[in-house]
Amino acid sequence: MTTMSREWPSVVVARRNEALKHFTFDDPESVPVRTGTLYALEDLKPSSTIIVTGYIPIDATRNPQNVALHFNPRLDRGYVVRNSKLKGCWQEEETCSPLASRGYIFRRGRFFQLTIFCTQNEFQVAIDGEHFCAFAYRLPLEDVAGFELNDHVEQAKVRQDSADVYPEPRAGQPDRALRLVDGAALNSNLELPALVDLPNGLGIGARLTIKGRLKLLPHSFYVNLQRGKTIYPHPEIALHLNPRYHYGNAPSCLVMNCWSDGSWQKEERHHGQSWTPGREFLLTVRCEHEAYVIWLNDRMIAEFRHRLQPSLVDTVHVAGDLVLYEMLVSY
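Residues numbered from 1 in each chain as written. Predicted model: local features only at pLDDT ≥ 70, side-chain atom pairs only at ≥ 80, totals over all residues. Heavy atoms only, no water.

(A) View of the pattern of salt bridges. All chains considered together, the criterion is met by 11 salt bridges. Linked through salt bridges whose partners overlap, the residues forming this network are R82, E94 and R138. (Salt bridge = Lys/Arg side-chain N within 4 Å of Asp/Glu carboxyl O.)

Structure (structure tokens):
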């Protein structure tokens, strides 16, 4: 026992140093902070950014921060809790079980980078440069005075800054570059969310096909035909295709919309869709002169008349409760 206790610090340091070799999101401008101590922030406003880096040791269980945003990865359970505490009372939790291409986002024995970006009405959160979630303000942004990390994070550093774009390109980007060109199927590195370049656009006469499988208990997924890849500023979206699944008495439906002039426009809903949880599907979007025509397998299920010029589309964004197998564009 005595020998093991003498060796343990060296083992910890060696493991941490090895993890640092594989960490590509270190921020040299961040300053070290003591965990369990409130880090004072300058006044927050839309465009404010908080960047946190740290190391999660092997024996860590959770990472609570208790300010307007409580962001709490439950390492022992494999999900992340977001919440707020108002007048001494916890509010309604928001939870999810994030899976990235490398597995669960927060892993023991690894470093991480957490970016919190402030917009007009919500926090945007990115992990290692990739957008993870949003959390609507429950306290006025100007009331936020500090940031705190608990003792289950080591070598913690924090920096406050401002940005015009989120996620920031310099904060690190996912290392997969996805492109769709005429007739060439894309069937690898399709972990979600997926942002796919359309170098030739998706103009009149183009057809986009997506093969995938719904998860067993889906809530929703979406396919956006949009311009640009940023989360903020919000991209223009010529077509937002969003199948939603409800339980109980509410029927499932297909929601379609567009984003223009800084907001969502009037949505269109189609009920009675035959999207079957756990089953494979083939989704086809054809860009015709007056509308996008949507096919599910061998049946046309909807049309969405053009509200924006199809020529603006240069990106396909796919996210939600499905497994993506293949994408193909033809002109």
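Alright, that's what it looks like, and here's the rest.
(B) Up close: the sheet that holds strand 13 (residues 130-136). In spatial order, the strands read 1-15-3-11-12-13; together these 6 strands make up an open sheet with antiparallel pairing. The sheet terminates laterally at strand 1 (31-32) and strand 13, the two strands that pair on one side only. As defined by bridge partners, strand 11 (residues 110-118) adjoins strand 12 (residues 122-127) across 5 bridges and the pair is classed as antiparallel. Bridge pairing in strand 12 links L114 to I127. (Pairing = 2+ DSSP bridges. Helix = DSSP H or I, 4+ residues; strand = E, 2+ residues; numbered from the N terminus.)

(C) Representation of the sheet that holds strand 24 (residues 280-287). Read across the open sheet, the 5 strands follow the order 26-25-24-18-28; overall the sheet is antiparallel. In the strand order of this sheet, the two ends are held by strand 26 (299-305) and strand 28 (322-330), each with one partner. Along the sheet, successive strands turn relative to each other by an average axial angle of 20°, direction set aside. Bridge count for strand 18 (residues 207-214) against strand 28 is 8 bridges, and the pairing is antiparallel. Bridging across to strand 28, T209 finds its partner in L328. (Axes fitted to C-alpha atoms, helices over the stretch in contact; angles between N-to-C directions.)

(D) Summary view of the side chain of N224. Position of N224 relative to the elements: it lies in strand 19 (residues 221-227). Engagement of the side chain of N224 in a polar contact is seen with the side chain of H240, the distance being 2.6 Å. In this structure, N224 is in contact with I237, L239, H240, L241, T315, V316 and H317, ignoring residues within four places of it in sequence. (Polar contact = N/O pair within 3.5 Å; in protein donor to acceptor, adjacent residues only side chain to side chain. Contact = heavy atoms within 4.5 Å.)

In short, the description is geometric, and any link to function would need to be established separately.
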